[in-house]
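# Inside the fold
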Amino acid sequence: MIRKLFFIVILMLAGTGAAWLADNPGEFSVRWLGYHIETSLFFVAAAFTVIALFVWAVLHMIWAIIRLPSEIRTRYTIKKHEQGLEAVTEAFIALTDQNTDRAKQMIKRAEKLLPEPTLPRLMQLQLTRMEGKDSVLREQFTQLQSSDKTKALALKGLAEESRQQHQMQEALRHARTLYEDRPDRKTSVHTYVDLLTYHRQWQQAVQVAEQAKRQGVFARNEAYRILATIYADQGEHLLKDNNRAAAVEMYEQALAYDPSHQPAAIALTEHYLSQGNH
């Protein structure tokens, strides 16, 4: 819009100047190398304008020729990107239809066409899950760690895969890395707290949950439910170790955070009944 207004202003000024010169043509005289040239100032201005426009046109043409290879590459890149997205769409449809052969074909095509491999890798991950190839799945999660866009997904996937393979220390390591990388995400906190609780690192689990509450990752009620679960789990293990007094304390702490926590309420009720307390 600004360019159009600027162009209109220039045309108006040029028209005004041309009209003024037409009314006041004046005289222009030059002696150079034995030649004597006399003409009107209007003619000189017109000639200068024509020459300037000609030079501008030539320079514009040269610039267009210089930029031509870049324009061709840009259009080719855009076309490849569009074809790559079409391949991703086809792969998604094939996965929905459980047509693994078609999905593999389209994923490979997308990898060749798209400059960023994130989308094809995510589709390949889904395909590998569908085929049940756990060893390949772990390798693909590791590859996804190289991209900031998919690092969190990869770490969570590695933690889950390690857990399914009963490699709990490895799962905890991936969960800790995930939490350190994205402490502001609910999934990061949930995964880390869950594995800390499994490893009986309850104090650290409480600290992580409390910090998440302070930073606004969870609403207060949601954070309290997580804390109640941590204390209830601790109480359960203490009860198994016949440390009833400490277990009761943990269950009471769980109910203090979440009065509706059923496992803690049931465990306390059973304990009080066994003690003859009502």
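Residues numbered from 1 in each chain as written. Predicted model: local features only at pLDDT ≥ 70, side-chain atom pairs only at ≥ 80, totals over all residues. Heavy atoms only, no water.

### Details of the overall build of the protein
Regarding its fold elements, the protein presents 12 helices and two strands. Residues counted as buried form 31% of the 278 residues belonging to the protein. Within the protein, contacts between residues at least 6 apart in sequence are counted, and of these 42% link residues at least 24 apart. Total accessible area on the protein is roughly 19000 Å²; 57% of this is exposed by carbon and sulfur atoms. (Helix = DSSP H or I, 4+ residues; strand = E, 2+ residues; numbered from the N terminus. Buried < 20%, exposed > 50% of the residue type's maximum accessible area, 1.4 Å probe, protein only. Contact = heavy atoms within 4.5 Å. Areas by Shrake-Rupley, 256 points an atom, 1.4 Å probe, with all protein chains shown as cover.)

### Regarding a nonpolar patch on the surface
Where nonpolar side chains cluster on the molecular surface, the patch consists of Ile-51, Phe-54, Val-55, Val-58, Leu-59, Ile-62, Trp-63 and Ile-66 and spans about 800 Å² of accessible area. For Val-55, the position within the fold is in helix 2 (residues 41-96). (Patch = residues over 30% accessible without salt bridge, like charges linked within 9 Å, V, L, I, M, F, W, Y side chains within 5 Å. Salt bridge = Lys/Arg side-chain N within 4 Å of Asp/Glu carboxyl O.)

### What about unusual backbone geometry?
If you check the backbone angles, His-166 has positive phi at about 60° while not being a glycine. Here His-166 is to be found in the loop between helix 6 (151-164) and helix 7 (168-181). In the Ramachandran plot, Asn-242 falls in the positive-phi region, its phi being about 65° despite a non-glycine side chain. Looking at the secondary structure, you find Asn-242 in the loop between helix 10 (220-240) and helix 11 (244-257).

### Some points on the pattern of salt bridges
Two side chains of opposite charge can pair, provided their charged atoms sit close to one another. Going through the model one piece at a time under the given rule, you end up with 10 salt bridges. Lys-151 serves as the salt-bridge partner of Asp-181, at 3.7 Å between the closest nitrogen and oxygen. Here Asp-181 is found in helix 7, whereas its partner Lys-151 is found in helix 6, with 30 residues between them in sequence. When its relative accessible area of 29% is taken as the criterion, Asp-181 is described as partly exposed. What makes Lys-151 partly exposed here is its relative accessible area of 24%.

### Regarding the packing of helix 3 (residues 100-113) against helix 4 (residues 118-131)
Helix packing for two helices is described by the angle between their axes and how far apart those axes are. Remark: helix 3 packs on helix 4, axes separated minimally by 9 Å, with the N-to-C direction vectors making an angle of 160°. As the angle between them shows, helix 3 and helix 4 are arranged roughly antiparallel. You can see that helix 3 and helix 4 cross each other, and the crossing is left-handed. In this structure, helix 3 uses Thr-100, Ala-103, Lys-104, Ile-107, Ala-110 and Glu-111 to contact helix 4, whose residues at the interface are Pro-120, Met-123, Gln-124, Leu-127, Met-130 and Glu-131. Classifying every residue of the contact of helix 3 with helix 4 gives seven nonpolar, two polar and three charged. (Axes fitted to C-alpha atoms, helices over the stretch in contact; angles between N-to-C directions. Parallel < 35°, antiparallel > 145°, perpendicular 65-115°, else oblique. Left-handed = near helix turned anticlockwise from the far one by under 90°. Nonpolar A, V, L, I, M, F, W, Y, C, P; charged D, E, K, R; others polar.)

### Some details on the nonpolar core
The nonpolar side chains of a soluble globular protein tend to be buried, and buried together. Of all hydrophobic cores here, the largest spans 37 residues; its most connected members are Val-189 and Ile-230. Those elements giving two or more residues to this core turn out to be helix 7, helix 8 (186-198), helix 9 (202-214), helix 10, helix 11 and helix 12 (262-274). The residues contacting Val-189, other than those within four sequence positions of it, are Tyr-179, Pro-183, Val-208, Ala-212, Val-217 and Phe-218. Core analysis: the second largest hydrophobic core is formed by 12 residues, Ala-87, Ala-91, Ala-103 and Met-123 among them. (Core = buried A, V, L, I, M, F, W, Y, C linked by side-chain atoms within 4.5 Å.)

### Here's the deal with the environment of Ala-228
The topology assignment puts Ala-228 in helix 10. On the accessibility criterion, Ala-228 (0% relative accessible area) is buried. The sequence separation of Ala-228 and His-261 amounts to 33 residues, and the corresponding C-alpha distance is 7.1 Å. The residues contacting Ala-228, other than those within four sequence positions of it, are Ala-254, Tyr-257, Asp-258 and His-261.

### Details of the environment of Ala-265
The residue Ala-265 is located in helix 12 in this model. Note on Ala-265: relative accessible area 27%, which makes it partly exposed. A C-alpha to C-alpha distance of 7.5 Å links Ala-265 and Tyr-251, two positions 14 residues apart in sequence.

### Looking at the packing of aromatic side chains
Under the defined criterion, the tally for this structure stands at three aromatic pairs. Centroid distance Tyr-179 to Tyr-192: 5.1 Å. Interplanar angle 25°. Geometry classified as stacked. Pair noted here: Tyr-179 is in helix 7 and Tyr-192 is in helix 8, with a separation of 13 residues, a long-range link. An identical accessibility class is assigned to Tyr-179 and Tyr-192; each is buried. Centroid distance Tyr-231 to Tyr-257: 5.8 Å. Interplanar angle 10°. Geometry classified as stacked. Placement of Tyr-231 in helix 10 and of Tyr-257 in helix 11 is noted, with a sequence separation of 26 residues between them. The structure contains a cluster of three or more aromatic residues connected by ring pairs, namely Tyr-224, Tyr-231 and Tyr-257. (Phe/Tyr/Trp six-rings, centres within 6.5 Å; stacked < 30°, edge-to-face > 60°.)

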